[in-house]
Amino acid sequence: MKTVSVFGATGSIGQNTLDLIKRDPQAYDVVALTGGSNVTQLAADAIALNADVAVIDDPDCYAELQNLLSGTNVEAASGSAAIVEAAKRPCDWTMSAIVGAAGLAPGWAALEQGKTLALANKESLVTAGPILMDHANQHGATVLPVDSEHSAVFQALIGEDIAAVERIIITASGGAFRDWPLEDLPNASLAEASNHPNWDMGQRITIDSASMFNKAMELIETKEFFGVRPDQIETIIHPESLIHALVGFADGALMAHVGPHDMRHAIGFALNWPVRKDLPVQRLDLAAIGSLNFKAPEAARYPALQIARDVMDEGGLMGAAFTAAKEQALDSFIAGDIGFMDMAPVVAKTLDTMTSRDGLKNVKMTLDTVNEIDQLARVRAIEITKTLR
Ligand code: NDP
Ligand code: MG
């Protein structure tokens with residue numbers, strides 16, 4: 001039996017992970033499940049899977065969690081420190097699927113066990129990629145990508161020499177506004193931005209797909225995970241989202257990973273790795289699909305892509321500042337304080353002030369400095385947001 005923990009169990013990736021675990025309950029022994037505030041879902045899954053512990057981030061939900069778990073064998077806990085504690089419980093396979101920078105600390109703690117971390121939380125790599133991968137190596141832990149593009153690249157690289165890789169192309173759906181007239185984008189509403197053309201995901205990543213901040217993070221994620229140069233990483237709009245990524249080799253060959261838009265594929269690959277097992281995903285009928293399309297992303301529609309290039313060139317703690325500024329700008333858009341096309345300028349200006357005022361280049365990357373820069377960037381982004389009102 002494989003012991004497993006799922007961080008962010010109540011979210012979109014978390015629920016897809018639990019779906020796979022529930023299909024084969026004899027194969028898994030569930031250690032910890034965590035949620036943010038969805039206490040009903042967390043308790044129901046913890047009971048159904050007989051987890052050792054269920055942790056809810058929001059302390060206001062603790063009493064309810066205790067109540068829902070009373071009379072069961074599942075322990076209840078709450079708060080971000082308890083989530084990190086849960087990540088230290090011995091476990092063979094841990095899913096990191098908390099959204100945002102909050103996912104870094106539990107993933108970091110889980111790596112110390114020297115086992116396997118399935119990493120959906122791309123923010124961990126964007127904010128702290130170099131020290132996170134070092135930390136994994138030091139503890140002999142394995143990090144497996146769960147983001148569909150990175151899982152695709154990982155799979156295309158099996159048996160290959162990374163030195164023979166010329167380029168990596170990650171595809172993008174283009175998001176909710178790929179066909180909108182450019183002049184309409186500033187007026188895009190929250191509801192319109194929260195509606196993904198192909199994938200069913202959490203609200204934040206869906207809006208990040210419309211703005212391509214998601215793809216921007218994924219460019220950085222590619223650099224950090226696979227250790228390739230920024231100029232080797234490309235993105236292309238592929239409206240069907242069936243090819244997830246392509247790896248180009250020194251001989252000109254392109255290896256493409258093709259599959260349905262169902263995250264259970266990438267999650268299941270990481271869950272079963274290094275073997276492949278049957279997964280409950282659709283088998284593609286290529287004749288019915290007929291054609292696959294590609295288009296270069298327009299810079300004016302997707303300013304986040306250039307910001308990601310600047311972040312990769314700058315390196316170091318710029319990724320932490322970028323993630324935090326992006327999260328703050330997204331919060332402001334969700335709250336209705338700024339428009340859809342204001343998010344990129346807020347992030348770009350935040351990064352400019354961080355470079356000029358805070359001299360990020362001279363600060364060594366540690367978990368503490370990553371957190372400090374994260375907090376500072378959020379404050380700066382709020383200041384900049386106020387100037388827009
Ligand atoms: P969701 O918003 O659906 O779920 C996020 C999860 O994190 C929920 O369990 C939520 O709890 C929990 N959570 C939120 N804030 C906190 C916090 N401060 N502390 C602890 N837990 C918290 O997100 P997704 O599942 O869509 O995404 C999860 C991660 O996976 C993200 O990093 C995303 O970029 C990445 N990813 C997602 C994909 C997808 O298809 N959804 C594809 C590729 C990557 P609750 O709901 O109980 O409040
Ligand atoms: Mg992705």
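In what follows, the structure referred to is the one given above.
Residues numbered from 1 in each chain as written. Chains lettered and ligands numbered in written order. Predicted model: local features only at pLDDT ≥ 70, side-chain atom pairs only at ≥ 80, totals over all residues. Heavy atoms only, no water.

Asks: Explain the coordination of the magnesium ion (ligand 2) to me, please; I cannot follow it from the model alone.
Replies: Four donors placed tetrahedrally around a metal ideally meet at 109.5 degrees, and six donors placed octahedrally ideally meet at 90 or 180 degrees. Every protein donor of the magnesium ion (ligand 2) is listed here as D147 (OD), E149 (OE) and E218 (OE), and their distances to the metal cover 2.1 to 2.2 Å. Along the chain, the residues donating to the magnesium ion (ligand 2) are arranged with the sequence spacing D-x1-E-x68-E. Of the two residues, D147 is situated in the loop between β7 (142–145) and α7 (148–156) and E218 in helix α10 (residues 213–226); the sequence distance between them amounts to 71 residues. (Donors = N, O, S within 2.8 Å, 3.2 Å for Na, K, Ca; no water. Helix = DSSP H or I, 4+ residues; strand = E, 2+ residues; numbered from the N terminus.)

Asks: Help me understand a negative patch on the surface, please; the structure alone is not making it clear to me.
Replies: A cluster of acidic residues, E160, D161, E166 and D251, forms a negative patch at the surface. Among the secondary structure elements, E166 is positioned in strand β8 (residues 165–172). (Patch = residues over 30% accessible without salt bridge, like charges linked within 9 Å, V, L, I, M, F, W, Y side chains within 5 Å. Areas by Shrake-Rupley, 256 points an atom, 1.4 Å probe, with all protein chains shown as cover. Salt bridge = Lys/Arg side-chain N within 4 Å of Asp/Glu carboxyl O. Lys, Arg positive; Asp, Glu negative; His and termini not counted. Charge placed at Lys NZ, Arg CZ, Asp CG, Glu CD.)

Asks: Sorry if this is basic, but what is going on with the nonpolar core here?
Replies: A general trend in soluble globular proteins is that nonpolar side chains are found buried together. Among the nonpolar cores identified, the biggest contains 130 residues, and I21, L33, L65, M95, F322, F340 and M343 are the most heavily contacted of them. Ranked by residues supplied to this core, first place goes to helix α14 (residues 318–334) with nine residues. Setting aside residues up to four positions removed in sequence, F340 forms contacts with F177, L185, P186, A188, A193, I207, A210, S211 and F333. (Core = buried A, V, L, I, M, F, W, Y, C linked by side-chain atoms within 4.5 Å. Buried < 20%, exposed > 50% of the residue type's maximum accessible area, 1.4 Å probe, protein only. Contact = heavy atoms within 4.5 Å.)

Asks: In this structure, what is going on with the site of ligand 1? I would like to understand it.
Replies: Around ligand 1, the surrounding shell holds 25 residues, and the nearest of these are T10, S12, I13, G36 and E123. The separation between an oxygen atom of ligand 1 and a polar main-chain atom of S12 is 2.9 Å. With the chains in place, 84% of the 900 Å² that ligand 1 exposes on its own is no longer accessible. If you list the elements that add at least two residues to the shell around ligand 1, you get α1 (12–23) and α6 (122–138). Looking at side-chain class alone, the shell around ligand 1 contains 11 nonpolar, 10 polar and four charged residues. (Near = heavy atom within 4 Å. Polar contact = N/O pair within 3.5 Å; in protein donor to acceptor, adjacent residues only side chain to side chain. Nonpolar A, V, L, I, M, F, W, Y, C, P; charged D, E, K, R; others polar.)

Asks: Sorry, what's going on with the sheet that holds strand β9 (residues 233–237) here?
Replies: Remark on secondary structure: sheet strands pair via backbone hydrogen bonds, oriented parallel or antiparallel. In spatial order, the strands read β9-β8-β10-β11; together these four strands make up an open sheet with mixed pairing. Only two strands of the sheet have a single partner each, and these edge strands are β9 and β11 (254–258). Averaged over all pairs of adjacent strands, the angle between strand axes in this sheet comes to 20°, irrespective of strand direction. (Pairing = 2+ DSSP bridges. Axes fitted to C-alpha atoms, helices over the stretch in contact; angles between N-to-C directions.)

Asks: For this particular structure, what's the right way to read the packing of α7 against helix α11 (residues 264–272)?
Replies: Two numbers describe a pair of packed helices, the interaxial angle and the distance between the axes. Axis separation between α7 and α11 bottoms out at 9 Å; the angle between their running directions is 50°. What the angle tells us is that α7 and α11 run oblique. Crossing geometry of α7 relative to α11 is assigned as left-handed. Contacts between α7 and α11 involve S148, S151, F154 and Q155 on the former and, on the latter, H265, A266 and F269. The residue makeup of the contact of α7 with α11, split by class, is three nonpolar, four polar and no charged. (Parallel < 35°, antiparallel > 145°, perpendicular 65-115°, else oblique. Left-handed = near helix turned anticlockwise from the far one by under 90°.)

Asks: What's the story with the pairing of strand β10 (residues 243–249) in this structure? I'm lost.
Replies: Looking along a regular strand, one sees the side chains alternate between the two faces of the sheet. Taking burial as the measure, the seven residues of β10 include seven buried ones, the bulk of the element. Note that β8 and β10 share five bridges and pair antiparallel. Bridge assignment links I169 to a residue of β10, and that residue is L246. Judged from the five bridges that link them, β10 and β11 form a sheet pairing that is antiparallel. In the sheet register, V247 faces β11, and the bridge partner there is M255.

Geometric descriptors of this kind do not, in isolation, establish any biological role.
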